[in-house]
Amino acid sequence: MESLDSIRDEWLRQITATASLDALEQIRVAALGRNGQVTGLLKGLGSLAPEERKARGAAVNKLKDEIEQALGEAKARLDQASLDRRLAEERIDMTLPVKAENDGRIHPISQTIDELIAIFGEMGFTVAEGPHIEDDFYNFTALNIPAEHPARQEQDTFYLMGQAGTRPEARKVLRTHTSPVQIRTMQAQKPPIRIIVPGRTFRSDHDATHSPMFHQVEGLVIEKHIHMGHLKGCLIEFCRAFFDIDDLPVRFRPSYFPFTEPSAEVDIGCSREGGGLKIGAGADWLEILGSGMVHPKVLANCGVDPAEYQGFAFGMGIERIAMLKYGIPDLRTFYESDLRWLRHYGFAALDQPSLITGAR
Ligand code: 2NL
């Protein structure tokens, strides 16, 4: 009879030499399967005399254990080899162009928000977000907007229905600007704060140049020694980066907002020769954003000590700057979901700006 040692050596030799999981499985079946050789040896134990059976049984079981262990090790080796092969072969080339059949487009609003994030991101701003439905307090009162201010009128603000008995401060509104997010951020975080807040805003206004839902981005910087010079430097840098014109003229014009003091509107240079509008050097100016030093009352309303901290804020309409940059003539087309419009004005997936690819 073949010795158990030579049986074991033969199986271990085969197992070690195996190069595929399929062949390994065949070996397992031939050795340990229902009709396998080692299974046969185990079955044969029953016909032995009891004194012989004990020693032989231990030896056959040891043989079975050794083969099982060798099969396990071989499987681990082949699994690892197959993974290594896949990792080498299935390498993804991130620089390949997008497939032609992938004709989805990025909406100009999404594209513009991503550009804003890339530009302000490089200046150290992070993105903050908040709810579209706000309390009157966060949308108006905290911002030093008085009760009689026209913006609070029903014709400008969407008030949620069914609030007859509600305290004025707790009345729910659709936010009319993204400022409530900055209020919440000042309440929740200790300065320094440096955020931009892009998002949807709502006003009860609907004509050729106003949509009841539109997008804004606001920015807020709060630090100990922030002054008007930082505001100017930051916004000049932004205008030139966004419109991609290194020497774009930028002008600060005194203005008024209840939540900033002093306040300034920001104009960029343009020319209107021959009916068209061209951004850049020229005889004319175009207003693109509002800004100012955060009013001390607003800081105090948010638990920030105006004797210790100051800061600047700014805000602009995203549709407006997108229309100017990309030559989109009609605001109303942004929300029509017209695929022909989207194919024309939309952006390919890889035009997505990021901190890595830059703003363009
Ligand atoms: C505009 C002008 C502006 C702000 C927004 C702001 C927010 C806080 C405190 C102070 Cl929490 N200011 N935001 C400041 C100045 C102008 O937006 O024309 N937007 C379309």
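Structure: see above.
Residues numbered from 1 in each chain as written. Predicted model: local features only at pLDDT ≥ 70, side-chain atom pairs only at ≥ 80, totals over all residues. Heavy atoms only, no water.

Undergrad: Describe the side chain of S271, listing the residues and the values that go with them.
TA: Here S271 lies in strand β7 (residues 260-271). Residue class for S271 comes out buried when judged on its relative accessible area of 13%. Residue contacts for S271: discarding those within four places in its chain leaves G276, L277, K278, A281 and G282. (Helix = DSSP H or I, 4+ residues; strand = E, 2+ residues; numbered from the N terminus. Buried < 20%, exposed > 50% of the residue type's maximum accessible area, 1.4 Å probe, protein only. Contact = heavy atoms within 4.5 Å.)

Undergrad: How would you explain the nonpolar core if you had to name every residue and give the values?
TA: Ranked by size, the top nonpolar core spans 44 residues in total, and within it F120, F238, I268 and F314 carry the most contacts. Here this core gets seven residues from one element, more than from any other, and that element is helix α8 (residues 228-243). In this structure, F120 is in contact with F125, I196, C234, F238 and F314, ignoring residues within four places of it in sequence. By size, the runner-up hydrophobic cluster in this structure holds 23 residues, among which are A128, I183, M186 and Y309. (Core = buried A, V, L, I, M, F, W, Y, C linked by side-chain atoms within 4.5 Å.)

Undergrad: Residue-level account of helix α5 (residues 108-122), with values.
TA: Here α5 contains 15 residues, and its C-alpha end-to-end distance of 21 Å stays within 8% of the 21 Å for a straight helix at 1.5 Å per residue. Those residues of α5 that fall on the buried side of the exposure criterion are P108, I109, Q111, T112, I113, E115, L116, A118, I119 and F120. Taken together, the buried residues of α5 touch β4 (193-202), β5 (213-223), α8, β10 (310-317), α10 (318-326) and α11 (339-345). G124 sits one or two positions beyond α5 and adopts a positive phi of about 95°. (Expected span 1.5 Å × (residues − 1).)

Undergrad: How would you explain the site of the ligand if you had to name every residue and give the values?
TA: By nearness alone, 16 residues border the ligand, and Q182, Q216, E218, A313 and G315 come closest of all. The side chain of E218 places a nitrogen or oxygen atom 2.8 Å from a nitrogen atom of the ligand. A distance of 3.3 Å is found between a nitrogen atom of the ligand and a backbone nitrogen or oxygen belonging to G315. In isolation the ligand offers 490 Å² of accessible surface; the protein chains occlude 89% of this area. Among the elements of the structure, α7 (179-188), β5, β9 (284-294) and β10 are those that each provide at least two residues to the shell around the ligand. Of the residues contributing to the shell around the ligand, the split by class is eight nonpolar, seven polar and one charged. (Near = heavy atom within 4 Å. Polar contact = N/O pair within 3.5 Å; in protein donor to acceptor, adjacent residues only side chain to side chain. Areas by Shrake-Rupley, 256 points an atom, 1.4 Å probe, with all protein chains shown as cover. Nonpolar A, V, L, I, M, F, W, Y, C, P; charged D, E, K, R; others polar.)

Undergrad: Before we move on, can you summarise the packing of aromatic side chains with the specific residues and values?
TA: A ring pair, where both rings are aromatic, is described by two values, the distance of the centres and the angle of the planes. Here the structure, examined in full by the defined rule, presents 13 aromatic pairs. Ring centres of Y326 and F347 lie 4.8 Å apart, and the angle between their planes is 70°; this geometry places the pair in the edge-to-face category. Within this pair, whereas Y326 is found in helix α10, its partner F347 is found in the segment after α11, the two being separated by 21 residues in sequence. With a centroid separation of 5.4 Å and 50° between ring planes, the pair formed by W341 and Y345 is classed as tilted. Of the two residues, W341 and Y345 both sit in helix α11, four residues apart, roughly one turn of that helix. In textbook terms, an aromatic cluster arises when at least three aromatic residues are bridged by ring pairs, as seen for F120, F125, F238, F242, F243, F312 and F314. (Phe/Tyr/Trp six-rings, centres within 6.5 Å; stacked < 30°, edge-to-face > 60°.)

Undergrad: Which residues make up the packing of helix α2 (residues 21-32) against helix α3 (residues 37-44), and what values do they have?
TA: Direction vectors running N to C along α2 and α3 enclose 15°, while the axes themselves pass 3 Å from each other. Regarding the angle of α2 to α3, the classification is roughly parallel. Each of A30, A31 and L32 in α2 lies in contact with α3, whose residues at this interface are Q37, V38 and T39. Residues that form the contact of α2 with α3 fall into these classes: four nonpolar, two polar and no charged. (Axes fitted to C-alpha atoms, helices over the stretch in contact; angles between N-to-C directions. Parallel < 35°, antiparallel > 145°, perpendicular 65-115°, else oblique.)

Undergrad: Lay out the pairing of β7 in plain terms, naming residues and giving numbers.
TA: With 10 of 12 residues buried, β7 lies mostly within the body of the structure. Note: strand β6 (residues 250-257) against β7, seven bridges, orientation antiparallel. Paired with S255 across the two strands is S263, which belongs to β7. With antiparallel pairing between neighbouring strands as the criterion, β6 and β7 make up a hairpin whose turn holds two residues. In this structure, β7 lies alongside strand β8 (residues 278-279), joined through two bridges in antiparallel fashion. (Pairing = 2+ DSSP bridges.)

Functional significance is not addressed by these values, which are geometric in nature.
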